[in-house]
Amino acid sequence: MTKRGKYYITTAIAYASGKPHIGNTYEIILADAIARYKRQMGYDVHFQTGTDEHGQKIEERAKKAGMTPKEFVDKTSAEVRRIWDKMNTSYDFFIRTTDDFHEKQVQKIFRKLYDQGDIYKGSYEGMYCTECESFYTESQLVDGKCPLDGCEVHPAKEEAYFFKMSKYAPKLIDYINTHPDFIQPESRKNEMMNNFLLPGLQDLCVSRTSFSWGIPVDFDPKHVVYVWLDALANYATGVGYDADGHSSEEYYKWWPADLHLVGKDIIRFHTIYWPIFLMALGEPLPKQVFGHPWLLQAGGKMSKSKGNVIYADDLADVFNVDAVRYFCIHEMPFENDGVISYDLMVERWNSELANTLGNLVNRTIAMSNKYFGGKVADKGVADENGIDDNFKSVIAGTVSKVEAKVDKLRMADAVTEVFNLFKRCNKYIDETEPWKLAKDPASADRLATVLYNLCDGIQTGATLLVSFMPETAEKILKQINAPQIDYDELGHAGNYPAENQVTDKPEILFQRLKLDEVMEKVDAQRKAQGLKSLKELEEEAEAEKKAAEKAKQEKTSEKEASEYTHKPECTYDDFAKCEFRVGTIVKCEEVKKSRKLLCSQVDLGDKTVQILSGLRPQYTPEMMTGKKVMVITNLAPRKMAGLESQGMILCAEMPDGTLSIMTPDKAETPGGSEIG
Ligand code: MSP
């Protein structure tokens with residue numbers, strides 16, 4: 001196998017606040033598939049995961065459970081690890097933020113940043129969300145609630161340490177612009193640039209005094225280090241980083257990380273705060289951060305109080321570990337959220353796992369036994385119509401297709417490529433009809449060749465399946481009694497050993513399932529855990545949906561009656577008279593004489609115009625500057641508050657009457673581009 005250098009991959013560290021659900025577990029399964037594949041390719045892989053154990057939320061949960069925070073996190077962290085292990089994930093190191101070495105390093109990092117003037121002492125006043133442990137300004141709240149998780153917020157004031165984020169923002173913007181693969185997928189990069197970096201970064205509050213379950217600031221111990229600074233540091237401390245310049249050899253081997261795999265909700269922490277902390281520490285930035293979408297369940301948001309949370313270990317008891325791994329990876333698109341349901345899982349099990357894969361292996365082994373005592377060799381009798389050539393080229397070409405998908409982190413597509421090979425094997429059986437060949441003794445060599453090619457396809461497929469479904473792949477290889485193929489040899493057909501003896505007792509890999517029996521099993525499981533039946537849950541969700549639809553309808557009809565007035569039809573010529581262009585706001589100021597108006601200088605590519613818009617207080621000049629907007633540019637100029645406005649920035653009116661600026665979908669759309 002070719003040696004290909006190092007690959008350091010991490011997952012987010014899960015909150016040690018309770019048992020992780022299938023969504024959190026998705027991430028470790030995804031990371032595991034990538035790590036295993038890279039190892040198979042010949043990379044020297046280090047795969048780190050762990051638990052995030054400090055903070056107010058955990059302190060509160062521990063109190064509720066009648067435990068000390070440490071007792072509580074010992075229990076919950078072990079539970080996370082149990083699930084990760086049950087899912088057969090091959091992490092190399094499991095870090096806990098309560099690990100001694102980590103706590104010491106976080107203190108050193110804090111002190112270093114303070115000593116060099118990046119952290120300073122001040123006080124913080126704002127709306128605080130206990131759930132995500134963050135302060136928000138009034139304008140950041142959504143309907144008066146936390147913009148991240150919709151939880152209640154409360155006013156809070158604290159003496160606190162701050163990190164000078166804005167100092168590093170230009171350097172980070174430059175880094176992102178010159179490293180196009182740093183943030184993946186691309187849409188997340190645009191989100192970070194437009195929503196956070198270009199409008200201007202605020203200094204970040206990096207200590208708390210309102211609770212004590214955290215790492216104390218060693219020179220001011222009534223402060224504990226902000227959980228995100230503590231948590232993010234795990235990626236470096238876990239491989240031996242030392243803030244005093246005595247990092248271990250391991251650290252120099254692994255850092256910078258090749259891939260941080262995190263959920264879309266925490267990409268901001270990983271692509272803005274973490275890189276800036278690293279810049280301040282003088283350390284290289286991770287090569288890539290991938291913000292994966294979320295795995296959701298059909299029928300609404302998973303919530304403990306609703307009792308509809310799906311756990312990976314329960315699913316594995318109903319199906320099996322590899323099937324859960326397959327569902328998670330396969331059902332998750334690259335950018336949009338994926339949805340799982342019991343119906344879908346049963347369907348996938350029956351059609352893909354039992355039929356496409358299980359049945360293929362079973363009948364190939366059965367035919368080898370029946371016609372050749374389980375030993376086949378390529379007798380060189382190919383068909384005349386190119387069926388064999390085509391089949392062999394698919395066997396040989398699959399590895400490069402899978403690798404290309406893995407390289408782009410498109411793991412759902414990667415596993416689909418592996419299954420495409422199994423599908424092609426089934427098609428080959430239909431094309432060659434071995435049972436017909438078996439009827440004519442003169443076709444014995446042709447039949448042996450066909451079965452050899454099939455075993456060859458299965459061996460290649462099973463080798464490529466190892467990263468996604470390790471146990472199943474091993475079982476298949478055991479049944480055909482062949483080893484995993486060396487990665488470098490996967491690019492050609494004919495790896496299957498001639499006259500190899502397959503098992504004479506093939507085991508059914510995936511027995512077909514009936515949906516109602518699966519539902520019964522799930523209900524029995526739920527009953528044992530004191531939870532409502534699936535039917536009751538469904539009825540509740542249905543009632544909730546109906547109530548929400550009714551409320552929406554009422555709101556719409558109220559709105560229709562009062563607000564929706566439609567303008568008379570206009571001709572295309574009327575429309576064509578208007579010129580719409582993309583503009584970049586290069587400067588923006590509040591208009592002194594007005595409470596609502598902002599005055600923006602908008603670069604339209606060939607000229608800069610001045611536009612007044614009533615966007616205060618939802619938008620501040622800082623938020624406007626750098627924004628790409630859609631502008632009607634040939635509107636007759638008019639005066640407002642004594643200033644001339646030479647166009648209009650297009651906005652949508654929200655149900656509460658506030659305005660939402662329309663921006664181009666692709667952030668790289670050049671200023672001046674015509675809209676139409
Ligand atoms: N502790 C922080 C991460 C700190 S990393 C320095 C955290 N923990 S978490 O337990 O809430 O989430 C762990 C990971 O699971 C995050 O990447 C999060 O985005 C991800 N997911 C949470 N719900 C998920 C789904 N429903 N689907 C997929 N991933 C999900 O955030």
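Owing to the predicted nature of the structure, the values given are computational and were not obtained by experimental measurement.

The rules we used
Residues numbered from 1 in each chain as written. Predicted model: local features only at pLDDT ≥ 70, side-chain atom pairs only at ≥ 80, totals over all residues. Heavy atoms only, no water. Helix = DSSP H or I, 4+ residues; strand = E, 2+ residues; numbered from the N terminus. Buried < 20%, exposed > 50% of the residue type's maximum accessible area, 1.4 Å probe, protein only. Areas by Shrake-Rupley, 256 points an atom, 1.4 Å probe, with all protein chains shown as cover. Pairing = 2+ DSSP bridges. Core = buried A, V, L, I, M, F, W, Y, C linked by side-chain atoms within 4.5 Å. Contact = heavy atoms within 4.5 Å. Patch = residues over 30% accessible without salt bridge, like charges linked within 9 Å, V, L, I, M, F, W, Y side chains within 5 Å. Salt bridge = Lys/Arg side-chain N within 4 Å of Asp/Glu carboxyl O. Near = heavy atom within 4 Å. Polar contact = N/O pair within 3.5 Å; in protein donor to acceptor, adjacent residues only side chain to side chain. Nonpolar A, V, L, I, M, F, W, Y, C, P; charged D, E, K, R; others polar. Lys, Arg positive; Asp, Glu negative; His and termini not counted. Charge placed at Lys NZ, Arg CZ, Asp CG, Glu CD. Phe/Tyr/Trp six-rings, centres within 6.5 Å; stacked < 30°, edge-to-face > 60°. Expected span 1.5 Å × (residues − 1). Disulfide = S-S within 2.5 Å. Right-handed = clockwise from strand over helix to strand, strands pointing away. Bend = angle between axes of the 7 residues up to and from the residue.

## So, the overall build of the protein
When you go through the protein residue by residue, the secondary structure sums to 22 helices and 27 strands. Counting only C-alpha atoms and orienting by the principal axes, one finds that the protein spans roughly 100 × 70 × 50 Å. Across the 676 residues that make up the protein, the buried fraction comes to 52%. Carbon together with sulfur atoms contributes 51% to the accessible area of the protein, which is approximately 31,400 Å² in total.

## Structural notes on the sheet that holds strand β5 (residues 119-129)
Reading across from one edge, β6-β5-β7-β9 is the order of the 4 strands in this open sheet, with antiparallel pairing throughout. Looking at strand neighbours, the two that pair on one side only are β6 (134-136) and β9 (204-205), the edges of this open sheet.

## Brief notes about the environment of serine 613
With respect to the helices, strands and loops of the structure, serine 613 is situated in strand β20 (residues 608-613). When its relative accessible area of 9% is taken as the criterion, serine 613 is described as buried.

## Points about the nonpolar core
Formed by 104 residues in total, the largest nonpolar core has its most connected members in Ile9, Ile22, Ile34, Phe319, Phe419, Leu465 and Phe468. Every residue in contact with isoleucine 34, bar those within four places of it in the chain, is listed here: Tyr7, Ile9, Leu259, Leu261, Leu409 and Met411. If you look at the next biggest cluster of nonpolar residues, it comprises 57 residues, including Tyr8, Ile173, Leu232 and Val289.

## Regarding a nonpolar patch on the surface
The grouping of Trp294, Leu296 and Val339 at the surface amounts to a nonpolar patch, some 240 Å² of accessible area in total. Here valine 339 lies in strand β15 (residues 338-340). Residue valine 339 is classed as partly exposed on the basis of its relative accessible area of 41%.

## Concerning the site of the ligand
Within the structure, the ligand sits among 23 residues, and Ile13, Glu27, Asp52, Gly263 and Asp265 are positioned closest to it. In this structure, glycine 263 approaches the ligand through a main-chain N or O atom, which is 2.8 Å from an oxygen atom. One of the backbone N or O atoms of leucine 295 is found 2.8 Å from a nitrogen atom in the ligand. When the free accessible area of the ligand is taken as 660 Å², the share hidden by the protein chains comes to 93%. Ranked by residue count, the leading element in the shell around the ligand is helix α1 (residues 22-41), at 4 residues. A breakdown of the residues in the shell around the ligand according to their chemical character gives 14 nonpolar, 6 polar and 3 charged.

## Looking at a negative patch on the surface
Residues Asp343, Glu347, Glu538, Glu542 and Glu549 make up a contiguous surface patch of negative charge. When residues in the negative patch are grouped by element, the largest group, 3 residues, is from helix α20 (residues 534-562). Relative to the assigned elements, glutamate 538 resides in helix α20. We classify glutamate 538 as exposed; its relative accessible area is 57%.

## Section: the packing of aromatic side chains
Applying the stated criterion to the full structure yields 31 aromatic pairs. The interplanar angle of 85 degrees and the centroid separation of 5.6 Å between the aromatic rings of phenylalanine 110 and tyrosine 161 together place this pair among those described as edge-to-face. Taken as a pair, phenylalanine 110 in helix α4 (residues 100-115) and tyrosine 161 in strand β7 (residues 154-163) lie far apart in primary sequence, 51 residues in all. Here phenylalanine 110 and tyrosine 161 have matching classes, each one buried. With centroids separated by 5.2 Å and ring planes inclined at 85 degrees, the aromatic side chains of phenylalanine 319 and phenylalanine 327 adopt a geometry described as edge-to-face.

## Overview of helix α10 (residues 267-281)
Taking 1.5 Å as the rise per residue, α10 with 15 residues should run 21 Å; its terminal C-alpha atoms sit 20 Å apart, in good agreement. Summarising burial for α10: 15 of the 15 residues are buried, a large majority. Looking one or two places after α10, you find glycine 282, whose phi comes out positive at around 75 degrees.

## Structural notes on the state of the cysteines
Tallied over the full model, the rule gives 0 disulfides. Free of any disulfide, cysteine 570 has its nearest cysteine sulfur in cysteine 578, 7.8 Å distant.

## A short note on the side chain of arginine 208
Inspection of the secondary structure puts arginine 208 in strand β10 (residues 207-208). Side-chain polar atoms of arginine 208 contact the side chain of tyrosine 128, separated by 3.4 Å. In this view, arginine 208 contacts Tyr128, Glu133, Ser134, Phe135, Glu158, Lys222, His223, Val224 and Tyr226; residues no more than four positions away in its chain are not counted.

## Here we look at the pairing of strand β13 (residues 289-292)
Burial along β13 is two-sided: the face carrying Val289 and Gly291 and the face carrying Phe290 and His292 are both buried. Pairing of strand β8 (residues 183-184) with β13, which is carried by 2 bridges, proceeds in the parallel orientation. Note on β13: the bridge partner recorded for isoleucine 183 is valine 289. Regarding the hand of the β-α-β motif, the stretch spanning strand β12 (residues 259-263), α10 and β13 is right-handed.

## Let's talk about the pattern of salt bridges
Taken as a whole and assessed by the stated rule, the structure comprises 43 salt bridges. The partner of aspartate 244 in a salt bridge is lysine 108, and the shortest N-O contact between them spans 3.1 Å. With aspartate 244 in the loop between α8 (234-237) and α9 (249-254) and lysine 108 in helix α4, this pair connects stretches of sequence that are 136 residues apart. Residue class for aspartate 244 comes out partly exposed when judged on its relative accessible area of 48%. Of the residues examined, lysine 108 reaches a relative accessible area of 28% and is grouped as partly exposed. Here glutamate 159 ties to lysine 121 by a salt bridge, and the two come within 3.4 Å at their closest N and O atoms. Taken together, the residues span a long stretch of sequence, with glutamate 159 in strand β7 and lysine 121 in strand β5 at a distance of 38 residues. Relative accessible area serves as the criterion here: at 31%, glutamate 159 is assigned to the partly exposed category. The structure contains a network of salt bridges with shared partners spanning Lys19, Glu79, Arg82 and Asp313.

## Points about helix α5 (residues 165-178)
With 14 residues, α5 extends 20 Å between its outermost C-alpha atoms, agreeing within 8% with the 20 Å of an ideal straight helix rising 1.5 Å per residue. Along α5, the sharpest change in direction is near 30 degrees and occurs at lysine 171. Those residues of α5 not exposed but buried are Met165, Tyr168, Ala169, Leu172, Ile173, Tyr175 and Ile176. Summarising the contacts, the buried residues of α5 are in contact with β7, β8, α6 (186-197), β9 and α10.

## Focus on the pairing of β12
For β12, a buried count of 5 out of 5 residues is recorded, marking the element as mostly surrounded by other parts of the structure. Covered by surrounding structure in β12 are Leu259, Leu261 and Gly263 together with His260 and Val262, the residues of both alternating faces. Pairing analysis gives 3 bridges linking strand β1 (residues 6-11) to β12, with the strands arranged parallel. Bridging across to β12, threonine 10 finds its partner in histidine 260. Direction of pairing for β12 relative to β13: parallel, over a ladder of 4 bridges. Bridge pairing in β13 links glycine 263 to histidine 292.

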